[in-house]
Amino acid sequence: MISNRMKNLHPYVPGEQPKDRVYIKLNANENPYAPSTKVQDAVVDFVKNNPMKLALYPDPDSLELHAAIAEMLNKTGGVLCNAVVDGEDVKPSEKDKIPFTVTPEMVYSGNGSDEVLSFVFYAFFDSGKKLVLPEFTYSFYPVYAGFYNIETDVVPMKKDWSLDTNEMLNRASKNGSGLIFANPNAPSGIGLSRAEIREMLLKADKDEIFVVDEAYCDFGGESCIPLLEEFKNLLIVRTFSKSLCGAGMRLGYIVANPELINYVTTVKNSLNHFPIDAVAQIAGVAACKNPAYYCECAKKVAEERETFQNFLSEKGWEYIPSRTNFVLVRNPKVSGEQVYQKIKKEGILVRHFSTKGIEDYVRITIGTKEQMDALKKAMEAI
Ligand SMILES: *Cc1c(COP(=O)(O)O)cnc(C)c1O
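Right, let's walk through the structure included here. (Residues numbered from 1 in each chain as written. Predicted model: local features only at pLDDT ≥ 70, side-chain atom pairs only at ≥ 80, totals over all residues. Heavy atoms only, no water.)

## Notes on the overall build of the protein
Selection criterion: Secondary structure follows DSSP: runs of H or I at least 4 residues long count as helices, runs of E at least 2 residues long count as strands, and numbering of each begins at the N terminus. Throughout, the radius of gyration refers to the C-alpha atoms, and the reference size of a globule is 2.2 Å times the residue count to the power 0.38. The classification of residues rests on relative accessible area computed with a 1.4 Å probe and restricted to protein chains. Under 20% of the type maximum is buried, over 50% is exposed, and intermediate values are partly exposed. We call two residues in contact when some of their heavy atoms are within 4.5 Å. The charge count includes Lys and Arg as positive and Asp and Glu as negative, but it does not include His or the ends of the chains. By convention, the charge on Lys lies at NZ, on Arg at CZ, on Asp at CG and on Glu at CD.
A count of helices and strands for the protein gives 13 helices and 15 strands. Its C-alpha radius of gyration of 20 Å places the protein within 12% of the 21 Å reference for a compact globule of 382 residues. Residues classed as buried in the protein amount to 55% of the 382 residues present. Counting contacts in the protein only where the partners sit at least 6 residues apart, residues at least 24 apart contribute 72% of the total. With 44 positive and 50 negative side-chain charges, the protein shows a separation of 4 Å between the mean positions of the two kinds.

## Quick look at the packing of aromatic side chains
Applicable threshold: Under the pairing criterion, centres of Phe, Tyr and Trp rings, with the six-membered ring standing for Trp, must be within 6.5 Å; the plane angle then separates stacked pairs below 30 degrees from edge-to-face pairs above 60, leaving the rest tilted. A ring has a charge above it when a Lys NZ or an Arg CZ is no more than 6 Å from the ring centre and no more than 35 degrees off the ring normal.
This structure, assessed with the given rule, holds 19 aromatic pairs. On the numbers, 6.2 Å between centres and 15° between planes, the contact of Phe-308 with Phe-311 is stacked. With Phe-308 and Phe-311 both in helix H11 (residues 291–314) and three residues apart, the pair spans about one turn of that helix. Looking at Phe-308, the relative accessible area reads 0%, which means it is buried. Here the aromatic cluster, defined as three or more aromatic residues joined through ring pairs, consists of Tyr-12, Phe-121, Phe-125, Tyr-138, Phe-140, Tyr-141 and Tyr-144. A cation sits over an aromatic face here: Lys-300 above Tyr-33, 4.3 Å from the ring centre. Note that Arg-330 overlies the ring of Tyr-361, its terminal NZ or CZ placed 5.8 Å from the centroid.

## Remarks on the pairing of strand S4 (residues 107–110)
As a reminder, the rule being used: In this scheme, strands are said to pair when DSSP sees at least two bridges between them.
Of the two faces of S4, the one holding Val-107 and Ser-109 and the one holding Tyr-108 and Gly-110 are both buried throughout. Pairing of S4 with strand S10 (residues 252–256) involves four bridges; the strand directions are antiparallel. Looking across to S10, one finds that Ser-109 is bridged to Tyr-253.

## Some details on the environment of Ser-162
Using the following cut-off: N or O atoms closer than or at 3.5 Å make up a polar contact, with two conditions inside protein: a donor-capable atom paired with an acceptor-capable one, and, for residues adjacent in sequence, both atoms drawn from side chains.
Locating Ser-162 in the fold gives a position in the loop between strand S6 (152–155) and helix H7 (165–175). Using a relative accessible area of 14% as the deciding quantity, one classes Ser-162 as buried. Along the chain, Ser-162 and Phe-136 lie 26 residues apart, while their C-alpha atoms are 9.7 Å from each other. Dropping the residues within four chain positions of it, Ser-162 is found in contact with Met-157 and Ile-190. Among the polar contacts made by the side chain of Ser-162, one reaches the side chain of Asp-160 at a distance of 2.6 Å.

## Quick word on a nonpolar patch on the surface
The cut-off we apply is this: Only residues whose relative accessible area exceeds 30% and that form no salt bridge are eligible for patches; like-charged ones are grouped when within 9 Å, while nonpolar side chains (Val, Leu, Ile, Met, Phe, Trp, Tyr) are grouped when within 5 Å. All accessible areas in this document rest on Shrake-Rupley with a 1.4 Å probe, and a residue is counted as covered only by the protein chains that are shown. Take a side-chain nitrogen of Lys or Arg and a carboxyl oxygen of Asp or Glu: if they are within 4 Å of each other, that pair is a salt bridge.
There is a patch of nonpolar side chains on the surface, built from Met-1, Ile-2, Met-6, Leu-9 and Phe-147 and spanning about 600 Å² of accessible area. Note on placement: Met-1 falls in the segment before helix H1 (4–7).

## Description of the pattern of salt bridges
One pass over the full model with this rule turns up 19 salt bridges. The salt bridge involving Lys-289 is made with Glu-71; its shortest N-O contact spans 3.9 Å. With Lys-289 in the loop between helix H10 (278–288) and H11 and Glu-71 in helix H4 (residues 63–76), this residue pair connects regions lying 218 residues apart in the sequence. Here Lys-376 and Asp-373 are joined by a salt bridge, their closest N and O atoms 4.0 Å apart.

## A closer look at H11
Condition: Each helix should span, by expectation, one fewer than its residue count multiplied by 1.5 Å.
Over its 24 residues, H11 runs 35 Å from end to end, which matches the ideal 34 Å to within 8%, given 1.5 Å per residue. Gly-316 occupies a position one or two residues after H11 and carries a positive phi of about 80°.

## A few points about the nonpolar core
Note the following rule: Nonpolar cores are built from buried Ala, Val, Leu, Ile, Met, Phe, Trp, Tyr and Cys residues. Side-chain atoms within 4.5 Å join them into one set.
Ranked by internal contacts, the top residues of the largest apolar core, which has 91 residues, are Val-102, Phe-210, Leu-234, Phe-240, Phe-308, Leu-375 and Met-379. The greatest single-element share of this core, amounting to ten residues, is contributed by H11. Ignoring anything within four residues of it in the chain, the contact list for Leu-234 reads Leu-201, Phe-210, Val-212, Cys-224, Leu-227, Leu-228, Ala-256 and Leu-260. By size, the runner-up hydrophobic cluster in this structure holds 30 residues, among which are Phe-140, Tyr-148, Ala-182 and Leu-235.

## Notes on the site of the ligand
For clarity, the threshold we go by: Whether a residue is near a molecule or strand depends on its heavy atoms: it is near if one of them lies within 4 Å of it. Residues are sorted three ways: Asp, Glu, Lys and Arg are charged, Ala, Val, Leu, Ile, Met, Phe, Trp, Tyr, Cys and Pro are nonpolar, and all the rest, Gly among them, are polar.
Taken together, Gly-112, Ser-113, Asp-114, Tyr-138, Asp-213, Ala-215, Tyr-216, Thr-239, Ser-241, Lys-242 and Arg-250 are the residues near the ligand. Asp-114 places a polar main-chain atom, nitrogen or oxygen, 2.9 Å from an oxygen atom of the ligand. One nitrogen or oxygen atom from the side chain of Arg-250 is found 2.8 Å from an oxygen atom belonging to the ligand. Taken by itself the ligand offers 390 Å² of open surface, and the protein chains cover 93% of this. Examining the composition of the shell around the ligand, we find that three residues originate from one element, helix H5 (residues 112–124), more than from any other. A class-by-class count of the residues in the shell around the ligand yields three nonpolar, four polar and four charged.

## Section: the packing of H11 against helix H13 (residues 369–380)
Stated precisely, the cut-off is as follows: For helices, the fitted line uses only the C-alpha atoms of the stretch in contact; every axis is such a line through C-alpha atoms, and the angle between N-to-C directions lies from 0 to 180 degrees. For classification, angles of less than 35 degrees are called roughly parallel, those exceeding 145 degrees roughly antiparallel, those between 65 and 115 degrees roughly perpendicular, and all remaining angles oblique. Left-handed is the label given to a crossing in which the near helix is rotated counterclockwise from the far helix by less than a right angle, and right-handed is the label when the rotation is clockwise.
Where H11 contacts H13, the axes come no closer than 11 Å and their chain directions differ by 10°. Judged by the angle between their axes, H11 and H13 are roughly parallel. When you trace H11 past H13, the crossing you get is right-handed. Residues Glu-304, Thr-307, Phe-308, Phe-311 and Leu-312 of H11 lie in contact with H13, whose contacting residues are Lys-369, Met-372, Leu-375, Lys-376, Met-379 and Glu-380.

Take a look at the structure:
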């Protein structure tokens, strides 16, 4: 009964969302803070006062949302935790300043960056050309490669967990294929600088797509948005799920040159014309118009991460210094599986991967101060 395609599907396994007990959730890199009250008010107002809008189709092209995203990026420089907040006003830090204006035509949005990534795979990666991937990165990339029947060419990490950028470029050139990686990367939390990525772009084939997934950039990475004027093959994927406290709203977006945006829009209009519902569009616009709140949230998370890493050093845990809202952590004496189980017993969920090479580690999302205090207590007892 089922298709041959179906037999070869290997779905992504998300972080668990158990219902049996209320856990402190530090396992899916969600933001521990609620969306801004302006988002809450906008959604309530919309549902109460515009019910007919729920009876009608939403704007298929989310134009208001794209304008709001572009404006937010221009104000923040694409790194919330560095931006300078002055009351409701926000400006980018010196080093994040974008040397041109991001326009709405440079933005595409979809139902979470997972859907956006899937359309990017469809639009730019071909079966028959092996796609170059880092050994450890966002585990949805190989899933999409399988879904679209694209072979992969997996490049091992360097010893310090950083990306082997030279080897990735060599193989992409040999395979005649594009590139995709997350920056900062997951689950390592390590980031490449914009200068390093520019070096890669200079060496890479200008006729092949170069995708950088900036899901975690707002917590302390360096955004590649300032490189978009120089490189027409660069496509940046970002999400509301982490730094914009909106994983439940399912909003992800692309920033790239309009020509690339048009290709992805064509895929969307061939598959799911209305990926973002009317309520999510309203919520997304309200979030983008309140960058000061989200800057404060990102700053709190980044500070809490530094405090947590100091704790780890003091207590003899090993970790990879992170620029994201999570840390990859290992106890030299206790297995990753056991660490995960022991922390879970205390009512806290962290993420353990049984994949060879990282099975000794757990990935811990940075939560509120109270959540991290509870976590530290559980870790000290191990
Ligand atoms: C969380 C994450 C995503 C998915 O984000 P959604 O917008 O929730 O689909 C994409 N890429 C990376 C690297 C992520 O960690």
